Amino acid sequence: MTLSTAVLDSRVMVTRSVRRSFRDPEAFFTALMLPVILMLLFVYVFGGAMNTGGDYVNYVVPGLLLLCAGFGAGTTSVSVAQDMSNGIVDRFRSMPIHGSSVMVGHIVASVVRNLIATALVIGVALLVGWRPTASPLDWIASIGVVLLFVLAISWLAATAGLLLGSPEAANGFSMILMFLPYVSTAFVPADTMPSWMRGFAEHQPLTPVIETLRGLWMGTPIDHQAWIAAAWCVGILAVSVPAASSLFGRRTSR
Amino acid sequence: MTYTVNATGLRKTYGDHVVLDGIDLAVATGSVFSLLGPNGAGKTTLVRILATLLAPDSGTATIAGHDLLSDPLAVRKVISLTGQYAAVDEVLTAEENLLMMAQLRHLPRKLARQRVEDLLAEFDLVDARARRVGTFSGGMTRRLDLAISMIERPELLFLDEPTTGLDPRSREQVWGTVRQLVDDGVTILLTTQYLEEADQLADRIAVLDGGSIVAEGTAAELKSTIGGELLRIELADLESYGRAVAHLSPERTDERLLSVEVPTDGSPTEIVALLARLEREGLAVRKVTTVHPSLDDVFFTLTERSAA
């Protein structure tokens, strides 16, 4: 099994997964509507009551972005689980193809979907009055952060999909991903929460990513949050990538 | 004779439950070998082990000369699996499915395209090429499944219950397709719970029950193990039925239908003698027919143990 066949197999699988992503109009529409609706909801409905200093839209954009990424990853988790409960994976597994190519296909499709959603969040945010102060260099750095985060959460979701096996269970996992941002600094600062919750909010992986993005875009202090964010993402990847490969490659006990 | 599959002592347990209890299997190259058994007999487990998807607890096997356990990659190059659930992508079209699989077999682009065209034609899917497979009928999905398996002619093709859930017409079509593959010289390991299917397609049949092979042979051999032909005599009334049961020492009786079945070698002499005897005894007979044992009889006789 050479590197070139691994690349070749992965390319075929990427084509497959991306094609599949765009053939489910309902899911695709939901994925596109979600950022728009959430943005309007948080800025115009909740935004007036929020006191985060300055315009709420300037505070909330990173959190919404991660919320949408969580939704996107949930989709990935479900589609991996669907694959696993379908006969086609048995065929892939019994073929002389590179073991991780199926996963690579799912991940690339997931990243593509997420980047589309990210672009949409940013576009809508700008329309409703988001005014980032970022320099071009900050923008490039922020795109890097988003990519790293999306990659990590996609692999995590794919691993969960493999582990859980059924689309229903994977759906449950995606609910967790969707709720995680609420207990972070995505929508309100952590110091407005009761102390026991604040501990979780300050130390869960989404908070450093949010703080880093907010810092890059709005000039709020970043400090060591960038390193913590990077460490979380790299850590998640370091566990998920090998785990997914071995979960997919094993001769199942089913 | 060369054997494409050579397995000895394959065993698989899940906790206390023994799914396969030491299976020995030899499938001659170019033949159709059928694993016949009721649900839960271990057919699919055996196929999954031989297709490198599942590790056995113990036992060894070679597929086309490659060791199953130490060289799964070499095995994967020469097998093709058509699982119990159609192994196709339902969101993609028939053409996309075929092209994807051809690319995964590393066919050069031009050759892949050509192969897809040939297979669409060969498996009667040209009109449906641009339709999503999710909209296909069961029979069409199966045909696509088989077409995918034939992108590169495999040395061993697994057909795991290929017609389960199909209507009779689609089943006939799939059988026709399988016969074509046989004519092409593909070795096939077929699992089925339909005796007729094994009878129609297989050169050799192994009856799998409770994780063990309880009988193996050609369809004719298996049928002969449970005896030869029978003469079935339907009596006109209960009184005649009672006397027939008493005097003819029948092998099987059915009081509701007033019928008895007597062993015979099927020769005219013996049948005439039997008829003369009925006459002599003065039995009121309504109808006489000869009965051949079917694979169903073999199956039910052999698997009676587990059903009881």
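Residues numbered from 1 in each chain as written. Chains lettered and ligands numbered in written order. Predicted model: local features only at pLDDT ≥ 70, side-chain atom pairs only at ≥ 80, totals over all residues. Heavy atoms only, no water.

## What to know about the overall build of chain B
Convention followed: The helix count covers DSSP runs of H or I at least four residues long, the strand count covers runs of E at least two residues long, and both are numbered beginning at the N terminus. Throughout, a contact is declared for two residues whenever any of their heavy atoms are within 4.5 Å. By the counting rule applied here, Lys and Arg register as positive and Asp and Glu as negative, while His and the ends of each chain are not counted. Charge coordinates come from a single atom per side chain, which is NZ of Lys, CZ of Arg, CG of Asp or CD of Glu.
From N to C terminus, chain B includes 11 helices and 14 strands. Dimensions of chain B, computed from the C-alpha atoms along their principal axes, are close to 80 × 45 × 35 Å. In chain B, 67% of the contacts between residues at least 6 apart in sequence involve partners at least 24 apart. Charged side chains of chain B number 31 positive and 46 negative; the gap between the two group centres comes to 5 Å.

## Brief notes about the state of the cysteines
Residue and element names in this part refer to chain A. Convention followed: Any two cysteine sulfur atoms lying within 2.5 Å of each other are counted as a disulfide. Throughout this description, buried means an accessible area under 20% of the type-specific maximum (1.4 Å probe, protein chains only), exposed means over 50%, and partly exposed covers the range between.
Using the criterion set out here, one finds zero disulfides over all chains in the structure. In this structure Cys-68 is a free cysteine whose sulfur lies 17 Å from that of Cys-233, the closest cysteine sulfur available. A relative accessible area of 5% means that Cys-68 is categorised as buried.

## Here we look at the side chain of B:Asp160
Operational definition: The term salt bridge refers to a pairing of a side-chain nitrogen on Lys or Arg with a carboxyl oxygen on Asp or Glu at a separation within 4 Å.
Positionally, B:Asp160 belongs in strand E7 (residues 156-160). Buried and unpaired, B:Asp160 has no salt bridge, with B:Lys43 as the nearest side chain of opposite charge at 6.7 Å.

## Notes on the sheet that holds strand E6 (residues 79-82) of chain B
All names here are of chain B. Put simply, the rule is: If DSSP finds at least two bridges between two strands, the strands pair. With axes taken as lines fitted to C-alpha atoms, and helix axes fitted only over the stretch in contact, angles between N-to-C directions fall between 0 and 180 degrees.
Across the sheet, which stays open at both edges, the six strands sit in the order E6-E7-E8-E3-E9-E10 with mixed pairing between neighbours. Of all the strands in the sheet, the pair left with one neighbour each is E6 and strand E10 (212-217). Mean inter-strand twist for the sheet, computed between neighbouring axes without regard to direction, equals 15°. Here five bridges tie E7 to strand E8 (residues 187-192), and the two strands are oriented parallel to one another. Residue pairing across strands places Leu-159 opposite Leu-190, the latter belonging to E8. Docked against the sheet, helix H5 (residues 138-149) engages E6 and E7, running at close to 170° with respect to E6.

## Quick word on the pattern of salt bridges
All told, the structure shown has 23 salt bridges over all chains when counted by the stated rule. Between B:Glu96 and A:Arg19 there is a salt bridge, and its shortest N-O distance comes to 3.4 Å. Note that B:Glu96 is positioned in helix H3 (residues 94-104) and A:Arg19 in helix H1 (residues 3-21), a pairing that runs across two chains. Residue A:Arg19 is classed as partly exposed on the basis of its relative accessible area of 34%.

## Some details on the sheet that holds strand E4 (residues 58-63) of chain B
Sheets are built from strands that pair by backbone hydrogen bonding, the pairs being arranged parallel or antiparallel. Residue and element names in this part refer to chain B. Strand order in the open sheet made by the four strands is E2-E1-E4-E5, with antiparallel pairing throughout. Both outer strands of the open sheet, strand E2 (17-28) and strand E5 (66-67), are each paired with one neighbouring strand and no more. Sheet topology note: the E4/E5 ladder contains two bridges and is antiparallel. The partner of Thr-62 across the bridge, within E5, is Asp-67. Along the sheet face, helix H1 (residues 43-50) touches strand E1 (3-14), E2 and E4 and points at about 60° away from the line of E2.

## Details of the pairing of strand E11 (residues 230-235) of chain B
All names here are of chain B. Of all six residues making up E11, five are buried, and the element is well covered by its neighbours. Bridge analysis of E11 against strand E13 (residues 259-263) gives five bridges, and the strand direction is antiparallel. If you follow Ile-233 over to E13, its bridge partner there is Val-260. Where E11 meets strand E14 (residues 285-291), six bridges bridge the pair, whose relative direction is antiparallel. When the sheet's bridge partners are listed, Glu-234 is paired in E14 with Lys-287.

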